[in-house]
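# Geometric and topological summary
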Amino acid sequence: MITAQVKRAYRYRFYPTDEQAAELSRTFGCVRKVYNMALAARTEAWARQERVNYNATSAMLTAWKKTEELAFLNEVSSVPLQQCLRHLQTAFTDFFGKRAEYPRFKSKKKSRKSAEYTTSGFRFRDAKLTLAKMTSALDIVWHRPLPEGAEPSTVTVSQDGAGRWFVSLLCEDPAVEPLPANGKAVGVDVGLDHLLTLSTGEKIANPRHERRDRARLALTQRRLAKKARGDGANRRKARQKVARIHARIADRRRDGLHKLTTRLVRENQTIVIEDLTVRNMVRNRSLARAISDAAWSEFRNLLEYKAAWYGREVIAVDRFFPSSRLCSTCGTLQGKMPLNVRTWTCDSCGTTHDRDVNAAKNLLAAGLAVSACGAGVRPQRRTPGGQSAMKQEASRREPRSPRL
């Protein structure tokens, strides 16, 4: 089977010199400035019922560089500045297509520090990467090789809240190709006691990465809260200590999810999950921390793009499907089922079910029906207990989409 080449980003850590770090910091600031100015200009035009596209903002950038007030924009490479305007155009395209909210202004402290370079903004030779406006190559830790003969099409440099520097190289990866079909299918029910429960009966423990560092995180956050507000050195150091703990938690979580999703994609042809609205579910204060730590949204994102890479299928069953309350043996719909009920017996056939395993089996059956019929799956009747009790407890009524 002939497939299109897959573009894959390879992310590495690097250690810049003081001169390189200063140049990149200036670039990050200029990128943020240009993005915010272009967003403000487009917002004002939107209020006048006018549309401003990328070409117009690019012309604005040229005019800004000629002013005395913004002459500092000429000190950095023009490539990241043009790329941030393209990203703004993509954000507005998604907004008009009702796929995202209205673009937001970038904050100096909270927004991600990054700059994207296209082929005209960097030189890559003999595993050495040199960015525009720099005389020396970046000191990159090549912990894994790039695909043989790969040439990066874009390079993204970023710095996280913990002060670590990363470079991401986007290349075509010929090694990514569809796996042989095996005909296996599995239903996956996400939870908090167990991170995943499979329709095969296997339960995957929830590592609870945030809980392992909770005490230390709370201590560093209390110390940060006691520092005088402002841009002082002590407060900056305290903030960075908090960021390092968050980064370590996120790294462990991401590593575990990568291993888990890769295994599911390699072992199964079809994977059925539940279409959850995690953004609404984390509004429940009693479960928000646990849901965020489980990272259900990230799990789904990783699963979907890996399935697309390797020729697998991911099916999302409607969130209102009563997977926990439906008997997987006879199909009888049970009444309300509180969260503390982990096992229950069907009134019709007498089968005793593990709550999570039963939900995974029902998701698998519903997903296969979706695949065969091409239609969404909803219960015959919707009741106040239409979702599983865990979902009832974690979610509220989904708000309507805002009108544009």
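Because the structure is a prediction, the values reported are computed rather than measured. (Residues numbered from 1 in each chain as written. Predicted model: local features only at pLDDT ≥ 70, side-chain atom pairs only at ≥ 80, totals over all residues. Heavy atoms only, no water.)

The next subject is the pairing of strand 7 (residues 185–190). Most of strand 7 is tucked away, with five of its six residues classed as buried. Two elements, strand 7 and strand 10 (residues 270–274), share three bridges in a ladder whose sense is parallel. Bridge assignment links Gly 187 to a residue of strand 10, and that residue is Val 272. Across three bridges, the pairing between strand 7 and strand 8 (residues 194–198) is antiparallel. Bridge pairing in strand 8 places Val 188 opposite Leu 198. (Buried < 20%, exposed > 50% of the residue type's maximum accessible area, 1.4 Å probe, protein only. Helix = DSSP H or I, 4+ residues; strand = E, 2+ residues; numbered from the N terminus. Pairing = 2+ DSSP bridges.)

Further remarks concern a positive patch on the surface. A surface patch of positive charge is lined by Arg 222, Arg 223, Lys 226, Lys 227, Arg 236, Lys 237, Arg 239, Lys 241 and Arg 244. Of all the elements in the fold, those that place two or more residues in the positive patch are helix 5 (214–226) and helix 6 (233–267). Looking at which element gives the most residues to the positive patch, the answer is helix 6, with five residues. Residue Lys 226 is classed as exposed on the basis of its relative accessible area, which comes to 73%. (Patch = residues over 30% accessible without salt bridge, like charges linked within 9 Å, V, L, I, M, F, W, Y side chains within 5 Å. Areas by Shrake-Rupley, 256 points an atom, 1.4 Å probe, with all protein chains shown as cover. Salt bridge = Lys/Arg side-chain N within 4 Å of Asp/Glu carboxyl O. Lys, Arg positive; Asp, Glu negative; His and termini not counted. Charge placed at Lys NZ, Arg CZ, Asp CG, Glu CD.)

It is worth spelling out the UniProt feature "domain: Cas12f1-like TNB" (unreviewed entry) in the protein at this point. Sites flagged by UniProt as "domain: Cas12f1-like TNB" (unreviewed entry) map to residues 296–363. Between the C-alpha atoms that bound residues 296–363 the distance is 16 Å, and the span itself is 35% helix and 16% strand. (UniProt positions renumbered as here; feature names shortened; annotations may be inferred.)

This next bit is on the pattern of salt bridges. Taken as a whole and assessed by the stated rule, the structure comprises 24 salt bridges. In this structure, Glu 23 engages Arg 26 in a salt bridge whose closest nitrogen and oxygen atoms are separated by 2.6 Å. Of this pair, Glu 23 and Arg 26 both sit in helix 1 (residues 18–47), three residues apart, which is roughly one turn of the helix. For Glu 23, a relative accessible area of 7% puts it in the buried group. Among the residues examined, Arg 26 registers a relative accessible area of 39% and is labelled partly exposed. Notably, a salt bridge pairs Asp 255 with Lys 259, separated by 3.2 Å at the nearest N-O pair. One end of the pair is Asp 255 and the other is Lys 259, both in helix 6 and four residues apart, which spans about a single turn. For Lys 259, a relative accessible area of 57% gives the class exposed. Through salt bridges with shared partners, a single network forms among Asp 160, Arg 164, Asp 251, Arg 254 and Glu 298.

This part is about the nonpolar core. Counting residues in each nonpolar core, the largest one holds 41 residues, and the members touching the most others are Leu 24, Leu 129, Leu 131, Val 157 and Val 167. Broken down by element, this core gets its largest block of residues, nine residues, from helix 1. Judged by nonpolar contacts, the second largest core, of 29 residues, contains Leu 195, Leu 264, Met 281 and Ala 295. (Core = buried A, V, L, I, M, F, W, Y, C linked by side-chain atoms within 4.5 Å.)

Here four strands make up an open sheet; going across it, the order is 1-6-5-2 and the pairing antiparallel. Each having just a single partner strand, strand 1 (6–14) and strand 2 (113–118) make up the two edges of the open sheet. The average angle at which neighbouring strand axes cross in this sheet is 20°, direction not considered. Where strand 1 lies against strand 6 (residues 165–173), nine bridges are found, and the strand directions are antiparallel. What sits directly across from Lys 7, in strand 6, is Glu 172. (Axes fitted to C-alpha atoms, helices over the stretch in contact; angles between N-to-C directions.)

Quick look at the pairing of strand 8 now. Along strand 8, four of the five residues are buried, which leaves the element largely enclosed by surrounding structure. Where strand 7 folds back onto strand 8 in an antiparallel hairpin, the turn is made up of three residues. By the bridge criterion, three bridges tie strand 8 to strand 9 (residues 203–205) in an arrangement that is antiparallel. Note on strand 9: the bridge partner recorded for His 194 is Ala 205. Two successive antiparallel strands, strand 8 and strand 9, enclose a turn made up of four residues, where Gly 201 displays a positive phi of approximately 100°.

Now for the side chain of Thr 27. Within the fold, Thr 27 resides in helix 1. Classification of Thr 27 by relative accessible area gives buried; the value is 1%. Ignoring any residue separated from it by four or fewer positions in sequence, one finds Thr 27 in contact with Val 76, Pro 80, Ala 115 and Tyr 117. (Contact = heavy atoms within 4.5 Å.)

So, on to the UniProt feature "domain: Probable transposase IS891/IS1136/IS1341" (unreviewed entry) in the protein. Summarizing the sequence annotation, UniProt attributes the feature "domain: Probable transposase IS891/IS1136/IS1341" (unreviewed entry) to residues 171–284 in the numbering used throughout. Between the first and last C-alpha atoms of residues 171–284 the distance is 41 Å; the span itself is 49% helix and 19% strand.

Moving on, we come to the packing of aromatic side chains. Counted according to the given criterion, the structure contains twelve aromatic pairs. Measuring from centroid to centroid gives 5.4 Å for Phe 92 and Tyr 102, while their planes differ by 85°, and the two rings are edge-to-face. One end of the pair, Phe 92, is in helix 3 (residues 78–96); the other, Tyr 102, is in the loop between helix 3 and strand 2, and ten residues separate them in sequence. Summarising the aromatic geometry, the rings of Phe 95 and Tyr 102 are spaced 5.1 Å apart at their centres and angled 85° between planes, so their arrangement reads as edge-to-face. Taken together, the ring pairs connect Trp 46, Phe 92, Phe 95, Phe 96 and Tyr 102 into an aromatic cluster. For the cation-ring pair, Arg 11 lies above Phe 166, with the distance from its terminal atom to the ring centre recorded as 3.8 Å. Looking at Arg 51, its charged tip hangs above the ring of Phe 96, at a distance of 4.1 Å from the centre. (Phe/Tyr/Trp six-rings, centres within 6.5 Å; stacked < 30°, edge-to-face > 60°. Lys NZ or Arg CZ within 6 Å of the ring centre and 35° of its normal.)

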